[in-house]
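One-letter residues, chain by chain:
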Amino acid sequence: MVAGTKKEEYREIKEGITANRYLLKDSKGKYVLNPEVTEAGKEYFIDDYNNGYFPFVPKSYKYLSLAVGYAKERDTALVEVDGFHFIPNLIRANLYAFWQIAFHIGRVVEVHRK
């Protein structure tokens with residue numbers, strides 16, 4: 001990423017921690033539906049395939065703070081987010097999928113080497 005060869009960063013969207021981290025919620029604590037790809041009055045879940053369209057709206061991120069590996073002392077970088085798209089994986093019966101969000105990486109703002 002720092003060298004400019006990696007242009008996307010992926011995160012799996014799972015019910016709970018990662019969904020709460022990456023998806024927008026309304027005042028009642030429910031994930032906000034994307035009206036462009038959902039039907040009013042219909043209930044949607046994190047693993048719904050929805051004809052290949054992720055049914056929820058992501059939080060707006062301008063930057064991502066990334067780290068290399070899991071060690072306490074590790075290299076980190078702050079990168080700009082230029083956009084995103086959702087990717088369905090392991091689609092089952094055209095009904096369910098494991099979804100990932102792919103953040104489009106812009107410029108590297110900061111790098112901290114350990």
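Trainee: So what exactly am I meant to see when it comes to the overall build of the protein chain here?
Mentor: Per the secondary structure count, the protein chain includes 1 helix and 4 strands. Ordered by position from the N terminus, the helices and strands of the protein chain form the series β-α-β-β-β. Of the contacts made within the protein chain by residues no fewer than 6 positions apart, 54% connect residues no fewer than 24 positions apart. For the protein chain, the accessible area works out to roughly 7,800 Å², and carbon and sulfur atoms hold 51% of it.

Trainee: Where do I start with the environment of His104 in this structure?
Mentor: Relative to the helices and strands, His104 resides in strand β4 (residues 96–112). His104 sits 96 residues away from Glu8 along the chain, and the two C-alpha atoms are 4.7 Å apart. When sequence neighbours within four positions are dropped, the list of residues in contact with His104 reads Lys7, Glu8, Glu80, Val81, Asp82, Gly83, Phe84 and His85.

Trainee: Could you clarify how one ought to interpret the sheet that holds strand β1 (residues 8–13) in this entry?
Mentor: Each strand in a sheet pairs with its neighbour through backbone hydrogen bonds, running either in the same direction (parallel) or in the opposite one (antiparallel). Reading across the sheet, the 4 strands line up as β1-β4-β3-β2 and stay open at both edges, with antiparallel pairing between neighbours. At either end of the open sheet lies a strand with only one pairing partner, and these are β1 and β2 (63–67). Averaged over all pairs of adjacent strands, the angle between their axes in this sheet comes to 45 degrees, without regard to strand direction. For β1 and β4, the ladder comprises 6 bridges, and the chain directions are antiparallel. Looking at β4, one finds that Arg11 is bridged to Ile101.

Trainee: Looking at this structure, I do not really get the side chain of Asn50. What am I missing?
Mentor: Considering the arrangement of structural elements, one finds Asn50 in the loop between α1 (17–22) and β2. Polar contacts involving the side chain of Asn50 include one to the main-chain carbonyl oxygen of Val37, which spans 2.9 Å. There is a polar contact of 2.9 Å between the side chain of Asn50 and the backbone oxygen of Tyr53. Excluding anything up to four places from it in sequence, Asn50 contacts Val37, Thr38, Tyr44 and Pro55.

Trainee: Honestly, the pattern of salt bridges in this entry has me stumped. Any pointers?
Mentor: Where charged atoms of side chains with opposite charge meet at close range, the side chains can pair. Applying the stated criterion across every chain, the model contains 5 salt bridges. A salt bridge links Arg11 to Glu9; the shortest N-O distance between them is 2.5 Å. Between Arg113 and Asp75 there is a salt bridge; the shortest N-O distance is 3.6 Å. One end of the pair, Arg113, is in the segment after β4; the other, Asp75, is in the loop between β2 and β3 (76–92), with 38 residues separating them in the sequence. Look at Arg113 and you get exposed, because its relative accessible area is 59%.

What counts, and where the lines are drawn
Residues numbered from 1 in each chain as written. Predicted model: local features only at pLDDT ≥ 70, side-chain atom pairs only at ≥ 80, totals over all residues. Heavy atoms only, no water. Helix = DSSP H or I, 4+ residues; strand = E, 2+ residues; numbered from the N terminus. Contact = heavy atoms within 4.5 Å. Areas by Shrake-Rupley, 256 points an atom, 1.4 Å probe, with all protein chains shown as cover. Pairing = 2+ DSSP bridges. Axes fitted to C-alpha atoms, helices over the stretch in contact; angles between N-to-C directions. Polar contact = N/O pair within 3.5 Å; in protein donor to acceptor, adjacent residues only side chain to side chain. Salt bridge = Lys/Arg side-chain N within 4 Å of Asp/Glu carboxyl O. Buried < 20%, exposed > 50% of the residue type's maximum accessible area, 1.4 Å probe, protein only.

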